[in-house]
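Topology and contacts: notes
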Amino acid sequence: MEASAPPPPRRRTLPVVLAGVVVLVLAAVGIAVVRPGPVAEWLGGEPADRGAAAQPAEPAPAAVLAGADANAPVPTPEGVRAALAPLVDVPALGDRVHVSVADVATGKPLFGRGEDDGTVPASVTKLVTGVTVLAARGAAYRIPTRAVAGESPGEVVIVGGGDPTLAVDKKGFYPGAARLDDLAGQVRDALGGTKPTKVTVDSSLYSGPVFEPGWDDDIPTGGYGGAITALMTDGARSDVTRAKKDEAAGNHWAERVSQPDLSAGRAFARLLGVPADAVKRGTAPAAGTATSGPGTELGKVESLPMVRLVDIMISDSDNIIAEALARQVALARNEPASFVGAGAAMDAVAGELGLPADELTLADGSGLSRSNRISPSLLTDLIALAGAGSRSELAAIFGGLPVADWSGTLAERYGTAATKAGAGVVRAKTGTLTKVHAIAGLVSTADGRLLTFAVLTDAVPPDGLTAARVALDRIGAALANCGCR
């Protein structure tokens with residue numbers, strides 16, 4: 001195929017400066033990324049339980065990405081096309097390769113190949129989920145889990161608010177998460193001398209199917225997805241101890257329980273001394289004006305703030321968190337908290353942000369669905385917008401982006417002679433399904449200019465995973481290695 005002509009200007013102009021938030025320090029048009037110290041503490045660990053006072057001081061973090069030069073020359077479309085065209089036209093990427101490259105500071109498009117075409121995005125969908133939930137809920141929002149008095153004496157209703165990180169106790173999977181043992185303690189205090197006798201599980205906040213119809217057949221039981229319910233603990237993992245060990249070894253797979261809401265309800269009942277056979281699904285009574293009686297709040301715990309949930313979702317490519325955050329967008333926009341409602345709400349928020357929502361079709365928030373379609377140009381617009389000072393809360397999506405040859409899904413990539421130029425200077429979200437391979441993020445050129453790029457391909461041979469990843473990495477490395485002028 002011939003390289004496409006330089007694309008026309010996009011329908012809007014992006015702001016010029018980047019804002020500084022979270023783990024990234026974004027200043028002017030540059031990024032500084034630091035190697036983490038106590039990562040668990042960043043994600044909300046509990047220093048008192050970990051003996052922080054006795055720990056030796058952490059060394060100062062070392063720089064991974066130097067700040068980009070705001071005054072660096074802008075690559076030319078001709079230069080970028082000369083660098084990328086030979087790398088896009090390779091058999092390893094199949095015959096549906098869609099690409100967008102733009103300058104972050106100006107929003108100027110520099111290269112396009114089917115850039116406005118909707119493509120199956122896989123996990124790069126999480127960038128859209130992250131930006132829309134931050135816009136809809138705000139970076140400081142926390143998801144509540146409540147307990148209220150039921151209709152009968154001793155009945156406690158646990159009301160799921162959609163926090164997928166909720167833990168049973170301090171041994172939970174997500175450091176710093178809200179805990180059922182804390183909620184149970186509040187309930188006991190509120191009930192005084194009344195003994196809990198029954199637990200009702202209210203997970204009615206979510207509606208519709210618990211699995212998205214466009215998911216591959218093996219996803220519900222495949223260890224990376226699971227039933228999406230408004231109440232769950234530890235991302236529906238069935239064996240938290242094993243999952244934590246696997247996670248430490250770089251394996252995000254985990255067996256999930258089939259009914260997360262009932263499993264959480266039974267764990268809550270154990271903490272209250274209520275037998276498992278006294279746990280059932282139901283709905284909470286409406287809250288009255290009295291200080292006691294049915295519907296009265298007995299306790300409440302809240303999730304980590306939204307900015308940290310987004311960070312975990314992106315850094316770990318956590319599909320369960322992604323689906324929960326998509327439903328938070330739906331709730332914020334008064335849509336049903338379902339797959340369909342979440343997709344409609346995220347589309348609406350994307351349009352409110354000035355993104356080309358006509359290039360976006362979402363069936364879920366994680367990217368597991370093959371019904372999703374996102375254009376590469378929407379992703380580069382989104383990334384540049386997230387770095388713009390006009391909506392600084394959106395820049396939280398950068399904190400969890402993997403760094404080439406160092407962290408996350410890019411830890412084992414960009415290490416070959418053909419790709420090492422991208423090591424440490426490509427920071428991107430990846431996406432993989434059978435035949436689908438995608439990457440979208442940021443890269444600093446050899447001159448220090450910050451670019452955003454997205455490459456999506458959804459017609460790779462089923463056995464072509466390794467070759468496709470190398471081909472994608474060569475594109476990022478080419479941008480890192482050139483001034484492209």
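Up top is the structure these notes are about.
Within each chain, residue numbers correspond to sequence positions counted from 1 in written order. At least 70 in pLDDT is required for a residue's local features to be given in this predicted model, at least 80 for side-chain atom pairs to be given and counted, and no such filter applies to totals for whole chains, interfaces and linings, which use all residues. Water and hydrogen atoms were dropped before computing side-chain values, which therefore reflect all heavy atoms in the structure.

**A word on the overall build of the chain**
Numbering of helices and strands runs from the N terminus, with a helix taken as a DSSP run of H or I at least four residues long and a strand as a DSSP run of E at least two residues long. When helices and strands are tallied, the chain shows 11 helices and 15 strands. The classification of residues rests on relative accessible area computed with a 1.4 Å probe and restricted to protein chains. Under 20% of the type maximum is buried, over 50% is exposed, and intermediate values are partly exposed. When each of the 485 residues of the chain is scored for burial, the buried share is 55%. Contacts spanning at least 24 positions in sequence make up 72% of the contacts within the chain whose residues lie at least 6 apart. Residue exposure ignores everything except the shown protein chains as possible cover, and the areas themselves are Shrake-Rupley values with a 1.4 Å probe. On the chain, roughly 18600 Å² of surface is accessible, and the fraction owed to carbon and sulfur atoms is 53%. Every residue pair with non-hydrogen atoms within 4.5 Å of one another is taken to be in contact.

**Remarks on the pattern of salt bridges**
Should a side-chain nitrogen of Lys or Arg be within 4 Å of a carboxyl oxygen of Asp or Glu, the pair is scored as a salt bridge. This structure, assessed with the given rule, holds 16 salt bridges. Residues R242 and D246 are paired through a salt bridge, measuring 3.6 Å at the closest nitrogen-oxygen approach. You can see R242 and its partner D246 sitting in helix α5 (residues 240–248), four residues apart, about one turn around the helix. Residue class for R242 comes out partly exposed when judged on its relative accessible area of 46%. Accessibility expressed as a relative area gives 19% for D246, which makes it buried. The partner of R391 in a salt bridge is E393, with the nearest N and O atoms 2.8 Å apart. On the basis of relative accessible area, R391 is assigned to the partly exposed category, the value being 29%.

**As for the sheet that holds strand β15 (residues 450–457)**
Only strands that DSSP links by at least two bridges are regarded as paired with each other. The five strands lie next to each other as β5-β4-β15-β14-β13, forming an open sheet whose pairing is antiparallel. Of all strands in the sheet, those with a lone pairing partner are β5 (109–113) and β13 (426–433), marking the two edges. Looking at each pair of strands side by side, their axes are set apart by 5 degrees on average, direction ignored. Direction of pairing for strand β4 (residues 97–103) relative to β15: antiparallel, over a ladder of seven bridges. Bridge pairing links V99 to V455 in β15. Fitted lines through C-alpha atoms serve as axes, helices being fitted only where they are in contact, and the angles separating the N-to-C directions of these axes extend from 0 to 180 degrees. Running over the sheet, helix α10 (residues 376–386) touches β4, β14 (436–444) and β15 and is turned about 150 degrees from β15.

**Some words on empty space enclosed by the protein**
Using protein atoms alone on a 1 Å grid, points that fit a 1.4 Å probe yet trap it form a cavity, whereas open point sets bounded by protein on both sides within 12 Å along at least five of seven lines form a pocket; residues with an atom within 4 Å of a point count as lining. Grid points are joined across faces, edges and corners, and a volume is the space filled by probe spheres set on the points. Using the criterion set out here, one finds one cavity of 30 Å³ or more in the structure. As for the largest cavity, its lining consists of F173, G223, Y224, R237, E247, H252, R256, D316, S317, D318, N319 and I320. Under the scheme applied here, ten amino acids are nonpolar (Ala, Val, Leu, Ile, Met, Phe, Trp, Tyr, Cys and Pro), four are charged (Asp, Glu, Lys and Arg), and all others, including Gly, are polar. Along the lines of polarity and charge, the residues of the lining of the largest cavity split into three nonpolar, four polar and five charged.

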